[in-house]
Amino acid sequence: MATSEMNLETLENLGATENCKSKLHTEPPTKHKNWLLTCINCAIVFCGVIGSPLLLRLYFLHGGDRKWLSSWIQTAGFPVLILPLIFLYIRSELFASRNNDHVSSFFMEQKLFLSSAAIGFLYGVVNFMYALGLSYIPVSTSSILCATQLCFSAFFAWLIVKQKFTAFIINAIVIMTLGSVLLGINSNGDRPVGVSKAQYLIGFVMTLGSAALSGLIMPMIEIAFSKATRSITYSSLLQFQITLAISANALNIIGVLINKDFQAIHREANEYELGKTKYYIILFFTAFTFQLMTMGVLGVILYTSALFNGIFTSVLIPFTQVAAVIFYHEKFTGLKGMALALCLWGFCSYFYGEYKMLQKVVDRETPEKYYKAKK
């Protein structure tokens, strides 16, 4: 992470405007660096998106029942980011002293700080809705419902960041959203044992609501990045994440204190089916994977767009589905199979559209470069 900081200084937000995309195609070295970092962040999102719901569901399956605690734990792992942030700060100060630079550019600017704090409050609401939903519905159902975030992300991206749509993008959004809606046709078919119809409905609605609110948050993060007056380095990205987590925690900690969840942790650990030690291990790794996922999502939005993040997250549904079937023996119905197929179809449609756009830009710019070189 530290060795790539200097490269990050020169990278621009690819998803904020069409002008940024034009620069991408006219500067091949920058494009290569951006796509490399995009792939790295996508790999981080891959691990977080698959691991976090499995661990959180594991908490509920074996005796965990604290909704506010499970919501708080999704952002409680931010202290793991402090150590790399301290390292980056020391590195930044040493670099500044070598270059006789008395103005530190390590800390993120004030408006980015305020944006992260405001978005963090909404993120705390999303965490609670998601945790409540996952306590009543299977991971496989929850993951596909979360794919509806793509539809909301697309709408808010158009409304907030003026995202331009092609026929391929529209096709991807419609198909992937349709795949998620298919789950509502037979909602009782995968209702867990011990969960009433009313509880299942609450879980269904809460998960859908968290997806909708997440669809609003992602473009808000993108616009916050695009409005920054300085280049966003990896250190400022970590500061943004920490501020977001603290703001979300401020909301969730109120519910935790009112519900007396902290006092109940010791009792719940003693009664946990997998044992006290595994109880604490599950909480720790749940907190860690959620931080990992958030870090990757912020990176993906920074180097591409909120819309791309929504599409990439949606395409991870098949992997989450398979993991849920393997580890928790959840039912894999025909409707779920159809939903997954539609999600994959939409993902391929999106990337084919991006490929066609890239080819058009390259074909248009190649003659111009040729004549310039000839002169």
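The rules we used
Residues numbered from 1 in each chain as written. Predicted model: local features only at pLDDT ≥ 70, side-chain atom pairs only at ≥ 80, totals over all residues. Heavy atoms only, no water. UniProt positions renumbered as here; feature names shortened; annotations may be inferred. Helix = DSSP H or I, 4+ residues; strand = E, 2+ residues; numbered from the N terminus. Buried < 20%, exposed > 50% of the residue type's maximum accessible area, 1.4 Å probe, protein only. Contact = heavy atoms within 4.5 Å. Polar contact = N/O pair within 3.5 Å; in protein donor to acceptor, adjacent residues only side chain to side chain. Salt bridge = Lys/Arg side-chain N within 4 Å of Asp/Glu carboxyl O. Phe/Tyr/Trp six-rings, centres within 6.5 Å; stacked < 30°, edge-to-face > 60°.

Under an unreviewed UniProt entry, the name given to the protein is Probable purine permease, and the source organism is Papaver somniferum. According to the UniProt record, the Sequence similarities (unreviewed entry) comment for the protein is "Belongs to the purine permeases (TC 2.A.7.14) family." Checking UniProt for the protein, the heading Subcellular location (unreviewed entry) contains the comment "Membrane".

**Regarding the environment of Leu122**
Its location among the elements puts Leu122 in helix α6 (residues 110-134). Residue class for Leu122 comes out partly exposed when judged on its relative accessible area of 23%. Residues Leu122 and Ser214, spaced 92 residues apart in sequence, show a C-alpha to C-alpha distance of 8.6 Å. Discounting residues that sit within four places of it in the chain, Leu122 has contacts with Leu213, Ile217 and Met220.

**Here's the deal with the side chain of Asp261**
Within the secondary structure, Asp261 sits in helix α12 (residues 261-271). When its relative accessible area of 0% is taken as the criterion, Asp261 is described as buried. Here Asn259 takes part through its side chain, which lies 2.9 Å from a polar atom of the side chain of Asp261. Ignoring any residue separated from it by four or fewer positions in sequence, one finds Asp261 in contact with Arg66, Trp68, Leu69 and Val256.

**Let's talk about the pattern of salt bridges**
Enumeration over the complete set of coordinates arrives at three salt bridges. Residue Lys67 pairs with Asp65 through a salt bridge whose shortest N-O separation is 2.9 Å. Across the pair Asp261 and Arg66 runs a salt bridge, and its minimum N-O distance is 2.8 Å. Of the two residues, Asp261 sits in helix α12 while Arg66 sits in the loop between α3 (28-61) and α4 (67-72), which places them 195 residues apart along the sequence. In this pair, the class of Asp261 matches that of Arg66, namely buried.

**Some thoughts on the packing of aromatic side chains**
As enumerated under the stated definition, the model contains 14 aromatic pairs in all. Note on Tyr59 and Phe60: the rings are 5.0 Å apart at their centroids and 65 degrees apart in plane angle, and the pair reads as edge-to-face. Using a relative accessible area of 10% as the deciding quantity, one classes Phe60 as buried. Ring geometry for Phe284 versus Phe285: centroids 5.2 Å apart, planes at 85 degrees, classification edge-to-face.

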